[in-house]
Each structure stands twice: as C-alpha cells, then as structure tokens.
Amino acid sequence: MTAVNDRARFLIIDDHPLFREALHSAVQMAYPDVDTVEARSIAEAIDLLADAKPFDLALLDLSMPDVHGFEGLLQLRTRYPRLPVVIVSGYEEPKIISEALSYGAAGFIPKSARKSDLAAAIRSVMDGAVYVPENYEGQPPDPDSTDRADMVQRLARLTPQQLRVLQMLRQGMLNKQIAYELQVGETTVKAHVSEILRKLNVYSRTQAVIEVSKLDNAELFRDQAGF
C-alpha cells in the first residue's frame with residue numbers, strides 16, 4: 001500500500017448513487033487530497049482496476065446487481081490480491097462479517113455508521129488495521145468456513161483467463177460456447193479447464209462449479225435487511 005498523498009486513489013463500488021456520494025464525502029473527510037473513482041458494478045470496477053495506475057483501496061457494497069453473495073469480493077480478491085477491499089454494507093450479521101473477513105476483506109463497515117465513523121474506519125484500514133464494528137464479536141471458525149477459505153486461496157492461483165473460463169462454466173456454457181466467447185480454439189479451452197481442475201484440486205468441471213458456488217453463501221443474505 002502506498003503512502004496516502006495527493007496521488008493515492010480510492011475506488012468506490014456501489015450501485016446506489018446516494019450512497020456513492022456519502023462514501024465519497026467520508027473519504028474526503030478522511031483524506032481531502034485522495035482521488036476517488038466510482039463504479040456502479042463489479043464489471044465496471046474490474047475495467048477500472050485494469051488501468052495502469054493502481055488503486056490503494058476499494059470500498060465495496062456486497063449487494064451489487066451483477067453478482068450474488070460474496071462473489072464480488074471473491075472476484076476482486078482473486079484478481080487483485082494486493083488491493084485492500086473494505087466491505088461497506090447494510091448486512092450487519094456477525095456471520096456475514098466473519099465470512100467476509102475469512103475471504104480476505106480488509107475491514108467491514110456498516111452502512112448505518114455515521115459519516116465521521118466511516119472516515120475513521122477508512123483511516124484505520126489505511127493505517128494497516130482490519131476494521132470491524134465495535135459491537136462485533138468474532139465467530140469461531142467452523143469446518144465449512146475453513147474449507148471455503150482454503151478454496152479462496154486456490155482460486156487466487158488461477159490466471160485472469162482461467163477465472164473467466166470458470167465463470168462461464170458456472171453459467172453452464174459448453175467448451176464450444178466458451179471458445180466462441182473468448183475467440184480461442186476448443187483445445188485452448190480444454191487446457192484452461194484442465195488447469196482449473198488441477199489448481200482447485202477437483203476432479204470434474206461439475207465439482208468445480210459446486211465447490212466454487214458454495215463461496216457465494218447466498219443463504220446468509222436471505223431475509224436480511226440490507227441495500
């Protein structure tokens with residue numbers, strides 16, 4: 001992480017313009033000279049992160065229109081493992097906070113926090129701390145959480161192209177369809193699939209889809225009041 005100065009950059013990822021504005025205001029309170037860039041979706045965020053000029057921090061809402069559960073966080077963590085990603089969410093359940101931290105989030109800030117608290121939390125993360133709400137009590141790890149965290153580490157070994165292939169596998173696409181979308185030969189797709197299976201330590205594309213789908217944890221988000 002670079003020192004915070006007038007060249008540092010923060011990326012705000014949220015589909016709600018009013019909350020993007022609120023986060024921008026909190027960032028300006030914490031660091032008036034930081035450049036703030038906004039994204040309305042994970043896809044837009046990934047395009048921005050491909051820029052040659054790196055970001056120093058990403059502030060991510062879990063509830064995004066183009067992803068489910070923790071999928072957005074996982075995409076950012078696997079593609080850009082050195083980028084600190086802080087969750088800013090209306091979901092405040094301890095289980096959700098624990099899962100986000102186990103997947104490598106640099107902090108978890110409730111959307112209900114006051115502007116001054118948001119600013120203080122951002123400063124804390126930029127100073128190297130992992131921020132959690134004051135009333136948060138850590139959850140003891142369970143075997144499923146440990147397995148999911150291990151899968152996140154395996155996902156980090158995939159190349160960007162292999163991640164794209166894996167995402168298409170999750171959409172039920174055949175090798176021929178993937179080859180057409182990526183404009184490569186089917187043999188190249190087969191090679192990517194073989195490497196995905198090896199790196200994820202699974203024996204079939206079906207198992208790969210099942211195991212990675214567990215990371216979404218969509219059941220944690222049901223009936224929760226969030227936005």
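Within an unreviewed UniProt entry, the label attached to the protein chain reads Response regulator transcription factor, and the organism entered is Mesorhizobium dulcispinae.

According to UniProt, the positions carrying the feature "modified residue: 4-aspartylphosphate" (unreviewed entry) are D61. Within the secondary structure layout, D61 lies in the loop between β3 (57–60) and α3 (71–79). On the basis of relative accessibility, which here comes to 1%, the residue D61 falls in the buried class.

The next point concerns the sheet that holds strand β4 (residues 85–89). Spatial ordering of the open sheet is given by β2-β1-β3-β4-β5, a layout of five strands whose pairing is parallel. With partners counted over all chains shown, the strands left at the sheet margins are β2 (35–39) and β5 (107–110), one partner each. Between one strand and the next, the sheet's axes are offset by a mean angle of 20°, whatever the strand orientation. Judged from the four bridges that link them, strand β1 (residues 9–13) and β3 form a sheet pairing that is parallel. By the bridge assignment, I12 is partnered in β3 with L59.

Okay, the pattern of salt bridges next. For the structure shown, the criterion picks out eight salt bridges. In this structure, E38 and R20 form a salt bridge, with 3.2 Å as the shortest nitrogen-oxygen distance. On the criterion of sequence distance, the pair formed by E38 in strand β2 and R20 in helix α1 (residues 17–30) is long-range, its members being 18 residues apart. Here E38 falls in the partly exposed class, since its relative accessible area comes to 33%. Within the structure, one salt-bridge network assembled from shared partners comprises D14, D61 and K111.

Reading the values: the criteria
- Residues numbered from 1 in each chain as written.
- Predicted model: local features only at pLDDT ≥ 70, side-chain atom pairs only at ≥ 80, totals over all residues.
- Heavy atoms only, no water.
- UniProt positions renumbered as here; feature names shortened; annotations may be inferred.
- Helix = DSSP H or I, 4+ residues; strand = E, 2+ residues; numbered from the N terminus.
- Buried < 20%, exposed > 50% of the residue type's maximum accessible area, 1.4 Å probe, protein only.
- Pairing = 2+ DSSP bridges.
- Axes fitted to C-alpha atoms, helices over the stretch in contact; angles between N-to-C directions.
- Salt bridge = Lys/Arg side-chain N within 4 Å of Asp/Glu carboxyl O.

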